[in-house]
Amino acid sequence: MLLGKSSFIIALIALISPAACTPTQETNAQRMARGLPPSPPKFGRNVPGRIQVRQPTPVWAAKRHGVSPLPPVSYAGRIEVRYKDGRARGFVRNSNSSWTIGGVNDLGAEQDLHVSLTAPHSGKGPFDILATNPSFPEPFYVGAAGTNFISSLDLTSRNTIAFTNVQQTPGGSVPVSSTFKDNLLVESAIWSINPDTKEITGQWINPDKSSPATVIAYDIRANKIFFVGNIDAYNTNNDTPADTIKLFIVPI
Ligand SMILES: *[C@@H]1O[C@H](CO)[C@@H](O)[C@H](O)[C@H]1NC(C)=O
């Protein structure tokens with residue numbers, strides 16, 4: 001054993017006492033007394049005469065906590081309509097009529113709507129979906145439109161909101177007056193995507209800022225896609241009932 005008794009005790013103190021493990025910072029006065037230059041300023045410390053302009057960003061904070069931020073993901077393709085049991089009904093249409101995108105295309109692949117979107121890595125929205133081959137005039141975002149009379153969804157009502165092309169509106173915003181059509185209140189940034197299944201889901205925001213259940217529904221007789229708060233309420237005493245559907249981004 002090369003270690004003497006006293007060095008053994010010092011080593012033991014170093015193990016027990018956390019303070020003993022922390023090397024003490026030498027002051028510049030001590031460095032200069034030893035003939036050394038002053039130590040360089042540490043990043044992120046306030047140095048007299050310098051203004052610290054960098055604020056911690058979410059990325060910086062994520063790195064600091066050992067989580068590497070994952071980049072956003074872009075998706076492109078068509079929007080496939082599937083029933084709850086997984087059966088595919090077809091793709092959302094691209095029509096230069098008053099219906100624009102609000103139904104399924106039965107007229108061949110040239111009239112399928114193409115879309116693109118960029119989502120956070122988690123897929124969690126709200127974000128926009130852009131129509132990339134519109135055969136209709138502006139606006140070009142795939143979104144939702146209520147009217148001045150009906151612009152709320154809720155769990156107890158049969159109110160509906162249209163699935164249609166709208167102008168871009170901020171994420172989380174209450175409905176915004178359409179700049180293209182009278183009496184319409186619209187939202188574009190309502191979407192989230194499941195990165196595994198590529199299912200897209202919408203979240204309408206009511207004028208009172210609440211976030212209602214936003215069921216995507218399809219009336220096969222009218223070939224119409226729309227949003228509803230309560231599909232059972234919608235179907236009660238209704239000659240043209242609708243099914244709950246799911247929408248998926250499918251590459252072309
Ligand atoms: C849509 O149809 C109208 C005529 O109804 C036409 O003027 C317009 O150019 C068409 N838009 C596109 C993008 O094809």
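That block above? That's the structure.
Residues numbered from 1 in each chain as written. Predicted model: local features only at pLDDT ≥ 70, side-chain atom pairs only at ≥ 80, totals over all residues. Heavy atoms only, no water.

This next bit is on the nonpolar core. Formed by 32 residues in total, the largest nonpolar core has its most connected members in V142, F163, W191, F227 and L247. Listing elements by their share of this core, those giving two or more residues are β1 (73–83), β4 (115–119), β6 (141–147), β7 (160–166), β10 (191–193), β12 (215–219), β13 (224–228) and β14 (243–250). Here this core takes 4 residues from β1, the largest share from any one element. Ignoring anything within four residues of it in the chain, the contact list for L247 reads I79, E80, V81, F163, W191, K198, E199, I200 and I216. With 6 residues, the next largest nonpolar core counts A217, V228, Y234 and A242 among its residues. (Core = buried A, V, L, I, M, F, W, Y, C linked by side-chain atoms within 4.5 Å. Buried < 20%, exposed > 50% of the residue type's maximum accessible area, 1.4 Å probe, protein only. Helix = DSSP H or I, 4+ residues; strand = E, 2+ residues; numbered from the N terminus. Contact = heavy atoms within 4.5 Å.)

A word on the packing of aromatic side chains. Overall, the coordinates contain 5 aromatic pairs when judged by the stated rule. Pairing F136 with F140 gives two aromatic rings, centres 6.1 Å apart and planes at 55°, and the pair type is tilted. Ring geometry for F163 and F227: centres 6.1 Å apart, planes at 50°, overall tilted. Placement of F163 in strand β7 and of F227 in strand β13 is noted, with a sequence separation of 64 residues between them. Look at F227 and you get buried, because its relative accessible area is 0%. One residue, R158, lies across the ring of Y234, its end atom 5.6 Å from the ring centre. (Phe/Tyr/Trp six-rings, centres within 6.5 Å; stacked < 30°, edge-to-face > 60°. Lys NZ or Arg CZ within 6 Å of the ring centre and 35° of its normal.)

On to the pattern of salt bridges. Applying the stated rule across the entire model yields 4 salt bridges. Across the salt bridge formed by D112 and R78, the nearest N and O atoms sit 2.7 Å from each other. Linking D112 in the loop between β3 (104–105) and β4 with R78 in strand β1, this pair joins segments that are 34 residues apart in sequence. You can call D112 buried: its relative accessible area is 4%. In this structure, R87 and D85 form a salt bridge, with 3.1 Å as the shortest nitrogen-oxygen distance. (Salt bridge = Lys/Arg side-chain N within 4 Å of Asp/Glu carboxyl O.)

Of note, the bond from G125 into P126 is cis; its omega dihedral lies within 30 degrees of zero at 10°. Within the secondary structure layout, P126 lies in the loop between β4 and β5 (130–131). Following E138, the chain continues into P139 via a peptide bond in cis, with omega recorded as 0°. Among the secondary structure elements, P139 is positioned in the loop between β5 and β6. One non-glycine residue, N183, lies in positive phi territory at about 65°. Within the secondary structure, N183 sits in the loop between β8 (176–177) and β9 (184–187). Overall, N183 belongs to the partly exposed group, its relative accessible area being 43%. Despite not being glycine, K209 has its phi angle at roughly 75°, a positive value. Along the chain, the position of K209 falls in the loop between β11 (199–202) and β12.

As a further point, take the side chain of D219. Mapping D219 onto the fold places it in strand β12. For the buried D219, no salt bridge is present, and the opposite-charge side chain at shortest range is R221, 4.7 Å distant. Those residues in contact with D219 that sit more than four places away from it in its chain are K224, F226, Y234, T240, P241 and A242. (Lys, Arg positive; Asp, Glu negative; His and termini not counted.)

It is worth spelling out the site of the ligand at this point. Residues in close proximity to the ligand include N96, S135 and F136, which together make up its full environment. A distance of 2.3 Å separates an oxygen atom of the ligand from a polar atom in the side chain of N96. Within the backbone of S135, one N or O atom sits 3.5 Å away from an oxygen atom of the ligand. Here the ligand loses 28% of its free accessible area of 370 Å² to cover by the protein chains. (Near = heavy atom within 4 Å. Polar contact = N/O pair within 3.5 Å; in protein donor to acceptor, adjacent residues only side chain to side chain. Areas by Shrake-Rupley, 256 points an atom, 1.4 Å probe, with all protein chains shown as cover.)

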